[in-house]
Amino acid sequence: MPNASPHVSIVAPTFNEARNVAELARRLDAVLTGVDWEIIFVDDDSPDGTARAVKELAARDSRVRCIRRVKRRGLSGACIEGILSSSAPICVVMDADLQHDETILPEMIARLDRDEADIVVGSRLVEGGSSSDGLTAPRLFASNFAIRVAGLLVGAGVSDLTSGFFAVKREKFESMAPKLTTSGFKILLDVLASAAPPLRASEVGYRFRSRLEGASKFDLRAMSDFVGLVVHKATGGVVPPRFVMFVAVGGLGVVLHLAALRLAMDSAGAGFTEAQSFATIAAMTFNFFVNNSLTYSDSKLKGWRAALGLAQFYAVCGVGAVANVGIASWMFNMNEAWWLAALAGVVMGSVWNYTMSSLFVWRGAE
Ligand code: GDD
Ligand code: MN
């Protein structure tokens, strides 16, 4: 008889973790006695040769598997692909950098086996949990803040909603997989918010360890991504996650616009029209580059494509400004309040700029 699929698949996303993979497999072997398991590393073609290191391990240990993805990045997407490649009844998502405590795995698995839950989350926030070792103070603050906001949304009884450490019944995961987003660090929140009916969740505390090898990939982008998803879910899916970021960048652009206007009039002695033109171009240019690096970082334009994109962005915003003024004047003439007319113009302009930018400037965006 050929071997059946294992009972548990551990999915470990990797980006530049070549120095951690062997140690993780060794620790799993030590802690998962009596459990039939495999580990699936999902590597986004790390330049440090992580995939090669995993395949060397796999040559000696058939419980080790490797999915090497090329020309793609994204923690959530890597986890999703790893789980979808599994045939085991239970899947675990776990970081490959040894920050997650593998010794709680037997308890997480046992709770699913006893059918006490559909998902068991490794939590830094319940009894026995902590994250002060592994996170810097600003990260800890940002993490707690994000968790609090997200908790308002999915009151699924999970306290650590940004955890990247959980065990789930594969069948439950498979049914919601098409609804999940592939970018960023927010897979758990996405899973909990996308499940219908809601998953029965439970938590096991653990201490988030500090990283020994390599560096964290969590950044401003991952953070804003998370906020985008929270707003997306809070509005019942009406507001696209990327739009939230786009509008936030636009808000910064307005501040920059006013500062540039003041500066041009006061220091450079420019007339209002000249100063306003200068400020408009400065703000549009700023918005283009920030959107290029944050809002649309998955389809970032480089070199001459960035120059072309900037020109297109000017054109899109130019038409957006006309649409803004048009709708605002129309409403004002219909005897609406001045602020309501102005607001309608701003909303109209933002929706236009966002839609057209997604369609024409950053065409590769999902
Ligand atoms: N395949 C793939 N692609 N893997 C990635 C990518 C990617 O684009 N980005 C990060 N990873 C892998 C890392 O190699 C690591 O194994 C794991 O995902 C977590 O990444 P880290 O960069 O170490 O994240 P962290 O330690 O800063 O963040 C931790 O805390 C967050 C909440 O505060 C993680 O547990 C996150 O999952 C969690 O959301
Ligand atoms: Mn980490």
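Thresholds, definitions, all that
- Residues numbered from 1 in each chain as written.
- Chains lettered and ligands numbered in written order.
- Predicted model: local features only at pLDDT ≥ 70, side-chain atom pairs only at ≥ 80, totals over all residues.
- Heavy atoms only, no water.
- Salt bridge = Lys/Arg side-chain N within 4 Å of Asp/Glu carboxyl O.
- Helix = DSSP H or I, 4+ residues; strand = E, 2+ residues; numbered from the N terminus.
- Buried < 20%, exposed > 50% of the residue type's maximum accessible area, 1.4 Å probe, protein only.
- Domains from an automatic or database assignment.
- Donors = N, O, S within 2.8 Å, 3.2 Å for Na, K, Ca; no water.
- Patch = residues over 30% accessible without salt bridge, like charges linked within 9 Å, V, L, I, M, F, W, Y side chains within 5 Å.
- Areas by Shrake-Rupley, 256 points an atom, 1.4 Å probe, with all protein chains shown as cover.
- Axes fitted to C-alpha atoms, helices over the stretch in contact; angles between N-to-C directions.
- Parallel < 35°, antiparallel > 145°, perpendicular 65-115°, else oblique.
- Contact = heavy atoms within 4.5 Å.
- Nonpolar A, V, L, I, M, F, W, Y, C, P; charged D, E, K, R; others polar.
- Left-handed = near helix turned anticlockwise from the far one by under 90°.
- Core = buried A, V, L, I, M, F, W, Y, C linked by side-chain atoms within 4.5 Å.
- Phe/Tyr/Trp six-rings, centres within 6.5 Å; stacked < 30°, edge-to-face > 60°.

Let us now look at the pattern of salt bridges. Here the structure, examined in full by the defined rule, presents 26 salt bridges. Taking the shortest distance from any N to any O, the salt bridge between aspartate 29 and arginine 63 comes out at 3.0 Å. Here aspartate 29, found in helix α1 (residues 21-31), pairs with arginine 63, found in the loop between α2 (50-60) and β3 (64-68); they are 34 residues apart in sequence, far enough to count as distant. Close ionic contact of glutamate 116 with arginine 114 constitutes a salt bridge, the shortest N to O distance being 2.5 Å. Owing to a relative accessible area of 47%, arginine 114 belongs among the partly exposed residues under this scheme. Ionic contacts of the salt-bridge type, sharing partners, join the residues Glu23, Arg26, Arg27, Asp101, Glu102 and Arg209 into one network.

Our focus in this paragraph is the domain arrangement of the protein. How large an interface is tends to be reported as the accessible area lost when its parts come together. Each domain of the protein was delimited in the assignment, giving domain 1 (8-218) and domain 2 (241-361). If you average the C-alpha positions of domain 1 and of domain 2, the two centres end up 39 Å apart.

The next thing to look at is the coordination of the manganese ion (ligand 2). Around a metal, the perfect tetrahedron of four donors has angles of 109.5 degrees, and the perfect octahedron of six donors has angles of 90 or 180 degrees. Coordination sphere of the manganese ion (ligand 2), protein contribution only: Asp97 (OD) and Gln99 (OE1), at 2.0 Å. Classification of aspartate 97 as buried rests on a relative accessible area of 4%. By relative accessible area, which is 7% here, glutamine 99 ends up buried.

Where nonpolar side chains cluster on the molecular surface, the patch consists of Phe332, Trp338, Trp339, Leu340, Leu343, Val347 and Val351 and spans about 740 Å² of accessible area. A total of six residues in the nonpolar patch trace back to one element, the largest contributor, which is helix α12 (residues 338-361). Among the structural elements, leucine 343 can be located in helix α12. Judged by its relative accessible area of 49%, leucine 343 is partly exposed.

It is worth spelling out the packing of α1 against α2 at this point. Here α1 crosses α2 at 40°, and the two axes come no closer than 9 Å. What the angle tells us is that α1 and α2 run oblique. Where α1 abuts α2, its residues Val21, Ala22 and Ala25 lie against Thr50, Ala53, Val54 and Leu57. Taken together, the residues of the contact of α1 with α2 break down into six nonpolar, one polar and no charged.

On to the packing of helix α9 (residues 241-266) against α12, then. Where α9 contacts α12, the axes come no closer than 11 Å and their chain directions differ by 120°. With respect to their mutual orientation, α9 and α12 come out oblique. With respect to the hand of their crossing, α9 and α12 are arranged in right-handed fashion. Every residue of α12 that contacts α9 at Arg242, Phe243 and Phe246 is listed here: Ser350, Val351, Asn353, Tyr354 and Ser357.

In this structure, Ile10, Leu24, Leu28, Ile39, Phe41 and Leu105 are the most contacted members of the largest nonpolar core, which totals 34 residues. Mapped by element, the contributors of at least two residues to this core are β1 (8-14), α1, β2 (37-43), α2, β4 (90-93) and α4 (105-113). The contact partners of isoleucine 10, leaving out residues within four places of it in the chain, are Leu28, Leu32, Glu38, Ile39, Ile40, Val92, Met94 and Leu105.

Here the focus is the packing of aromatic side chains. Under the defined criterion, the tally for this structure stands at eight aromatic pairs. Ring geometry for phenylalanine 288 against tryptophan 362: centres 5.3 Å apart, planes inclined by 20°, an arrangement best described as stacked. You can see phenylalanine 288 sitting in helix α10 (residues 272-295) and its partner tryptophan 362 sitting in the segment after α12, a full 74 residues away along the chain. Taking the relative accessible area as the measure of exposure, phenylalanine 288 reaches 0% and is therefore buried. Here tryptophan 362 falls in the buried class, since its relative accessible area comes to 0%. Aromatic pair tyrosine 296 and tryptophan 362: ring centres 4.2 Å apart, planes at 5°, arrangement stacked. In this pair, tyrosine 296 sits in the loop between α10 and α11 (304-333) while tryptophan 362 sits in the segment after α12, placing the two residues 66 residues apart along the sequence.

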